[in-house]
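The residues making up each chain are set out below.
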Amino acid sequence: MFNLFAGDADYLIIRNTFTTTTVRISKNLKEEIDKLLPSINYKYLYNLKDPTTQEKIIRTLLDKNILIDSSIDEKQKYKELFLKHRQEDKVFAIYVTTTTNCQLDCSYCFEGTEKKNKNITKTEADEIVFWVSKYLQQNICNKLRVIFYGGEPLLNMKIIRYLLPKLKKVADDKKIFFETGILTNGELLNYEMGKFLNKYNLDKVQITLDGPKKCHDARRYRKKDKSGTFEKILTNILCILENNFVEKINLRINFDKQNIDFIPELFDLLLSNGIEKRISLSFGMITPTIPSNTKNYFEENTLGQILNAEKYLWLCSEAKKKGFSIPKEFMAGPWCTARKIHSAVILPKGDMLKCISLVGRSEFFFGNIKDCNNLEDKKFTNFEYINTCLEKNCPLVPICGGGCRFEAYLSTGSFSKPHCQKRMLSDINKGLLILNYK
Amino acid sequence: MSEIPTNEDFQILEEGTDCGTRTGNVGKDGCGY
């Protein structure tokens, strides 16, 4: 059920989305196997003393779950493993929104506009440390992961400097692993900040560049004078990599009708700086958000599912040609922060959200660190929607999990309904099979 | 586990995992997770 097929006239590439096992098989051999299958006795197959090549391959396909014994309930197995992994995930992940303020005025910003200038204070930072310590006393976790988010998190860098050593000490005292990450526009991520973060097991740095200078600066400009940020951000990226403060930078490139055609020029620029091996590309599709003052932007510039898939694959193809690594699969949200047990987005004043896409929208707060030690937000714990997708025998469930919960809310008004993007996910993932393996 | 035949008609391109589901930070591509 969980197999994706891609290929040409002679060969098929089959990827099992459940196990990630991927095989290449000639169409002739597949036809021979298909003919044999109805008469195969699975138990007998494993006792054969001198199996034929076809029989050996069938055994391999069974071992790898690309073929499934009809006595096994694949859907039930998936559901059980989904819930088991959710229970067994012992990473305590907190997204610390140091400020809701941002120095940029991006044309497509999805964040809500409430309390745009709220910062986490020193007193609130102390409360966060106390709450994290208490949470780790009451819950068995093996890692504390602290990701700084905003607004622009580095606009409140004094709180990052204040908070990180204290949170690291909490993890050390509990004898659990500690790592940190940051999602930033990159303008303030200079040498000093990079060096500081590096001391705290810096695991992820995500920075956004929306194409070459002319594109990026037209979309991601400063609020105060509309001036561009490209050169400053590129300088910082080069500095962070040159000093090895992090192994790779996750470069987010948002695309839509406005900038798509120019993005390969950015690949050339990164290549000319010799950093193509130290960049993980992440292409973000500009899609609608909760109606706001940016509504017209989305209506005018979003590409839609079919074109998004086509353009995403085109970007991957161009990137690969120039020596960048490209993803093996395109996920749609099986294990995001909203579905984990031990995770929360923490805002100024200690308010908590389950999904980073809900920052700036107080109606979705599920608690506050002052009085909340249970991070299960009931809006996100009804997984019945996954059954709906399994009932449709969708092979994409392991890489989609019923779809992004924020987008489900946008499309259905509920966080508990499926959000199906089957056409786009199928096109992209099949295309990635060809790009990676042909 | 059976012997894995490999020839021009059949090749394993990627060995999967037994756990059957992704772990770690695997959210929606590009959502920043």
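Computed from a prediction, not measured in an experiment: that's the story for all the values here.

Enquirer: Pulling in residues and values, what's your account of the overall build of chain A?
Expert: Along its length, chain A carries 16 helices and 13 strands. Here the C-alpha radius of gyration of chain A, 24 Å, is about what a compact globule of 438 residues would show, namely 22 Å. Along the three orthogonal principal directions, the C-alpha set of chain A runs to about 70 × 50 × 40 Å. When each of the 438 residues of chain A is scored for burial, the buried share is 42%.

Enquirer: Describe unusual backbone geometry, and please don't skip the residues or the numbers.
Expert: All names here are of chain A. Here Gly-150 and Gly-151 are connected by a cis peptide whose omega angle stands at 25 degrees. With respect to the helices, strands and loops of the structure, Gly-151 is situated in the loop between strand S5 (143-149) and helix H6 (157-174). Phi at Asn-201 is positive, roughly 55 degrees, even though this residue is not glycine. Considering the arrangement of structural elements, one finds Asn-201 in the loop between helix H7 (191-198) and strand S7 (202-208). For Asn-201, a count of 15 C-beta atoms within 10 Å puts it in the partly exposed group. Within the chain, Lys-226 stands out as a residue other than glycine whose phi angle is a positive 60 degrees. Locating Lys-226 in the fold gives a position in the loop between helix H8 (213-219) and helix H9 (230-242).

Enquirer: Break down the packing of helix H5 (residues 122-138) of chain A against H6(A) for me, citing the residues and quoting the values.
Expert: Residue and element names in this part refer to chain A. In the contact formed by H5 and H6, the axes pass within 10 Å of each other and the chain directions differ by 15 degrees. Classified by the interaxial angle, the pair formed by H5 and H6 is roughly parallel. Where H5 crosses over H6, the two elements pack in a sense that is right-handed. Contact with H5, carried on its side by Lys-122, Ala-125, Ile-128, Val-129, Val-132, Ser-133 and Leu-136, involves Ile-159, Tyr-162, Leu-163, Lys-166, Leu-167, Val-170 and Lys-174 of H6 and no other residues of that element. Split by residue class, the contact of H5 with H6 holds ten nonpolar, one polar and three charged.

Enquirer: Mind laying out the sheet that holds strand S4 (residues 91-97) of chain A, listing which residues take part and the relevant values?
Expert: Residues and elements named next belong to chain A. Pairing in this open sheet of nine strands is mixed, and the strands run S9-S8-S7-S6-S5-S4-S11-S12-S13 from one edge to the other. The open sheet has two edge strands with one neighbour each: strand S9 (279-285) and strand S13 (367-368). Bridge count between strand S12 (residues 351-353) and S13: two bridges; the pairing is antiparallel. Looking at S13, one finds that Asp-351 is bridged to Asn-368.

Enquirer: Run through the sheet that holds strand S3 (residues 22-26) of chain A, naming residues and quoting values.
Expert: Read across the open sheet, the four strands follow the order S1(A)-S2(A)-S3(A)-S1(B); overall the sheet is antiparallel. The sheet terminates laterally at strand S1 (3-7) of chain A together with strand S1 (10-14) of chain B, the two strands that pair on one side only. Across the sheet, the mean angle from the axis of one strand to that of its neighbour is 25 degrees, orientation sign disregarded. With four bridges joining them, S3(A) and S1(B) adopt antiparallel strand pairing. Considered in S1(B), the bridge of A:Ile25 is made with B:Phe10.

Enquirer: With reference to specific residues and values, describe the domain arrangement of chain A.
Expert: The figure often quoted for interface size is the accessible area lost as the parts come together. Assigned domains of chain A: these are domain 1 (3-63) and domain 2 (89-303). Here domain 1 of chain A and domain 2 of chain A have C-alpha centroids that lie 44 Å from each other.

Enquirer: Tell me what's going on with the pairing of strand S11 (residues 343-346) of chain A, and back it up with residues and numbers.
Expert: Residue and element names in this part refer to chain A. Neither face of S11 is exposed, since Ser-343 and Val-345 on one face and Ala-344 and Ile-346 on the opposite face are all buried. Two strands pair when backbone bridges link them, and S4 and S11 are joined in this way by four bridges, in the parallel orientation. Following the sheet pairing, Ala-93 is matched in S11 by Ser-343. Where S11 meets S12, two bridges bridge the pair, whose relative direction is antiparallel. Bridge pairing in S12 places Val-345 opposite Leu-353. Hairpin remark: S11 followed by S12, antiparallel, with four residues in the connecting loop; positive phi at Lys-349, about 75 degrees.

Enquirer: Run through the confidence of the model for chain B, naming residues and quoting values.
Expert: A residue-level look at chain B finds 33% of positions with pLDDT of 70 or above and a mean pLDDT of 66. With pTM at 0.91, the complex prediction returns an ipTM value of 0.84.

Enquirer: Explain the environment of A:Val146 to me, and be specific about the residues and the numbers.
Expert: All names here are of chain A. Inspection of the secondary structure assignment puts Val-146 in strand S5. Owing to 26 C-beta atoms within 10 Å, Val-146 belongs among the buried residues under this scheme. Distance from Val-146 to Leu-164, taken between C-alpha atoms, is 8.3 Å for residues 18 residues apart in sequence. In this structure, Val-146 is in contact with Ile-94, Val-96, Leu-167 and Thr-180, ignoring residues within four places of it in sequence.

Enquirer: Describe the environment of A:Ala319, with residues and values.
Expert: All names here are of chain A. When you line up the elements, Ala-319 lands in helix H12 (residues 305-321). For Ala-319, a count of 24 C-beta atoms within 10 Å corresponds to the buried category. For the pair formed by Ala-319 and Glu-55, sequence separation is 264 residues and the distance between their alpha carbons is 40 Å. If we ignore the near neighbours within four places in the chain, the residues touching Ala-319 are Phe-267, Leu-281, Phe-324 and Ile-326.

About the thresholds
Residues numbered from 1 in each chain as written. Chains lettered and ligands numbered in written order. Predicted model: local features only at pLDDT ≥ 70, side-chain atom pairs only at ≥ 80, totals over all residues. Helix = DSSP H or I, 4+ residues; strand = E, 2+ residues; numbered from the N terminus. Rg over C-alpha atoms; globule rule 2.2 N^0.38 Å. Buried ≥ 20, exposed ≤ 12 C-beta atoms within 10 Å, placed from the backbone. Axes fitted to C-alpha atoms, helices over the stretch in contact; angles between N-to-C directions. Parallel < 35°, antiparallel > 145°, perpendicular 65-115°, else oblique. Left-handed = near helix turned anticlockwise from the far one by under 90°. Contact = placed C-beta atoms within 7 Å. Nonpolar A, V, L, I, M, F, W, Y, C, P; charged D, E, K, R; others polar. Pairing = 2+ DSSP bridges. Domains from an automatic or database assignment. pLDDT = per-residue confidence, 0-100.

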